[in-house]
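Chain and residue survey
Here are the chains, one letter per residue:
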Amino acid sequence: MKILQLFFIILISNLIFCQSNSIDGPYSNYFEKSTPEIEGINSESIMKFISRIEKEINELHSFMIIKNGKNIASGWWSPYTPEIPHEMNSLSKSFASTAIGFAYDERLINLDDRLIKFFPDYKLKSINEKIKNIRIRDLLTMTTGHEFEVRPYLNNKKDWIHSFMTSNPTFLPGNYFRYHSLATYLLSAIIHKISGDNLEDYLYKRLFLPLEIEKPFWKKCPNGISIGAVGLKIKTEDIAKFGQLYLQNGMWENKQLLSSDWIKMATSKQVDNSVTQIQPDWKQGYGFQFWKNRYNSYRGDGGFGQFCIIIPDHKIVIAITGNTNDMQGVLNIIWEEIYSKIDLNNAFDNELSKNLELNRKLSSLKVNVIKKTFLKDNKRNLNKTFFVNDNKFGIKTIRLSRLNENYLLSINSNNEVENINISKKTFIKSFLKKLNLTDNFFFNLSNLRQKKIPIAANGGWVEKNKFSSKILFLEESSSTNLNLFFDKKEVEIEIVLKGVFGLQNVFKISGSTN
């Protein structure tokens, strides 16, 4: 009877899962499905995890929980779906570190090799002695000796290697932890130097192909080298596969892809970081571009809620994407609602009602829409072209009109007309061609962005003269709230950025019909 009930539970779960995810492109479904109870976790724990995430964290885009190599729960908050690749932000660093791991295994490098060895053209007379002594190991552990990050992209510098080489660290390398994205970029540059390949090419045969991960997009510096520290775009399941490879000590489908020695080094505490960090899961130590967590676990992570969490003691991998400023809050909820409820000795009894309730919840996850308090259209502000004052975004004109049951926001930006479809009830998908509404950190680096930017937008009238829209950038961690305040022949445009590494998050520009 129990076997029959189990078969029925898994069958229903798979049917609900398939119906709830609109698959427009390749999605591998690599992991075998199981129920939480069979693998020692109660469905109620995952329900509470989701409930608290939705109440306390704003917002996640997806998650997958893999236990014992099986997918026990996974969900995407619509309009995000499994086949859409997602910006990893600094979770990219763990993949860059893995490239160094392969080079280490192949004896192309030694961890004590000096950085200057790979870039002899930068042996300048004025170079700081501390720079000369920086090793690959110091780049991996973020102990380059810099008290503050070197950020050439803020000053539109083209040669990022030169910017690093001519910087002046405060401390000797190897001792002082300072999170430093340019250190990871130098790791990428080393891979490029020794192999002639960018990271995504170098990792393709070694990592992506064996794990059945499509060759990904990775943002480049002005000189065409993969940034390494950020800019990798992969799917949620790809994160889970990556975590599973590390959980299995580099073994995949009975083949040792990456040495267990490297896995152990990369995920062990290589340096103390408790002095420069505040949050409890950020001060447990740092490995080779992996953070140590509490509870004998570790992770790769990226800003605004990108996670690859590995809990070896319980054979758990958790992959997450999102857009939240409270990453410690996400980890707290995982520890309190999932980790602390694991049954160490026995599997839970399968309860059909709880399993079905969980799967119904997973199939109905949705990003919150704009709350409309003024339900009628303010028709006098529709179908008017407003000429916009000079601004960073290059917006020249803006026009709001009705499109059947939805709205159409037309923006002329740098001689390119962008049409954003905005749904009143849900999120409707469309594309931006060139308009950059998120990346004010990299405003002048157009090569960092792909040509077509998939978005989804929702909005409506929240006051008589105020139209608000929320634009989700489906392959990014970011979103933009675009508010239009109408006053007769004038409009004020408020652009609020969320989930971006910006020097400024709120912009106000104005225009008129004259």
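See the structure above.
Throughout what follows, the structure given in this document is the object of discussion. Remember, it's a predicted structure, so these values are computed and weren't measured experimentally.

Describing the overall build of the chain
Along the backbone of the chain there are 13 helices and 22 strands. Computed over its C-alpha atoms, the radius of gyration of the chain comes to 24 Å, within 12% of the 24 Å expected for a compact globule of 514 residues. Here the C-alpha coordinates of the chain stretch approximately 75 × 70 × 40 Å along the principal axes. Burial statistics for the chain: of 514 residues in total, 58% are counted as buried. A separation threshold of at least 6 residues defines the contact pool for the chain, and within that pool the share at least 24 residues apart is 63%.

Let's talk about the sheet that holds strand 2 (residues 60-67)
Spatial strand order, 1-3-2-12-11-10-9: 7 strands in an open sheet with mixed pairing. The open sheet is flanked by strand 1 (32-33) and strand 9 (291-292), the only strands paired with a single partner. Lying on the sheet, helix 2 (residues 43-56) is in contact with strand 2 and strand 3 (70-76); it crosses strand 2 at an angle near 160°.

Brief notes about the sheet that holds strand 4 (residues 86-87)
Within a sheet, neighbouring strands are paired by backbone hydrogen bonds and run either parallel or antiparallel to one another. Pairing within the open sheet is antiparallel, and its 3 strands lie in the order 4-6-5. The sheet terminates laterally at strand 4 and strand 5 (217-218), the two strands that pair on one side only.

Quick look at the packing of aromatic side chains
If you walk through the whole model with that rule in mind, you get 30 aromatic pairs. Residues Y30 and F31 carry aromatic rings whose centres are separated by 5.1 Å and whose planes lie at 85° to one another, so their mutual orientation is edge-to-face. Residue F31 is classed as buried on the basis of its relative accessible area of 6%. Ring plane angle 75° and centroid distance 5.3 Å describe the contact between F49 and F63, whose orientation is recorded as edge-to-face. Note that F49 is positioned in helix 2 and F63 in strand 2, a separation of 14 residues in sequence. Under the relative-accessibility criterion, F49 is labelled buried at 1%. Seen from the ring of W282, R299 lies directly overhead, with NZ or CZ sitting 4.1 Å from the centre. Seen from the ring of F431, K452 lies directly overhead, with NZ or CZ sitting 4.6 Å from the centre.

Some thoughts on the nonpolar core
Counting residues in each nonpolar core, the largest one holds 118 residues, and the members touching the most others are F63 and F119. In terms of residues, this core owes the most to one element, helix 8 (residues 181-195), which gives 8 residues. If we skip the residues at most four places from it in the chain, F63 touches I46, F49, I50, A73, S74, G75, W77, T236, A319, I320, L362 and L365. Among the nonpolar cores identified, the runner-up in size contains 32 residues, and I455, A457, L484 and I495 belong to it.

Examining unusual backbone geometry
Glycine aside, a negative phi is what most residues show, and trans is what most peptide bonds show. In this structure, the amide linkage connecting N58 to the following residue, E59, adopts the cis form with an omega of 10°. Note on placement: E59 falls in the loop between helix 2 and strand 2. At the junction of S78 and P79, the peptide bond is cis and its omega measures out at 15° in the coordinates. Phi at Q289 takes a positive value of approximately 70°, unusual for a residue other than glycine. Of note, Q289 is situated in the loop between helix 11 (260-267) and strand 9. For Q289, a relative accessible area of 2% gives the class buried.

Parameters at a glance
- Residues numbered from 1 in each chain as written.
- Predicted model: local features only at pLDDT ≥ 70, side-chain atom pairs only at ≥ 80, totals over all residues.
- Heavy atoms only, no water.
- Helix = DSSP H or I, 4+ residues; strand = E, 2+ residues; numbered from the N terminus.
- Rg over C-alpha atoms; globule rule 2.2 N^0.38 Å.
- Buried < 20%, exposed > 50% of the residue type's maximum accessible area, 1.4 Å probe, protein only.
- Contact = heavy atoms within 4.5 Å.
- Pairing = 2+ DSSP bridges.
- Axes fitted to C-alpha atoms, helices over the stretch in contact; angles between N-to-C directions.
- Phe/Tyr/Trp six-rings, centres within 6.5 Å; stacked < 30°, edge-to-face > 60°.
- Lys NZ or Arg CZ within 6 Å of the ring centre and 35° of its normal.
- Core = buried A, V, L, I, M, F, W, Y, C linked by side-chain atoms within 4.5 Å.

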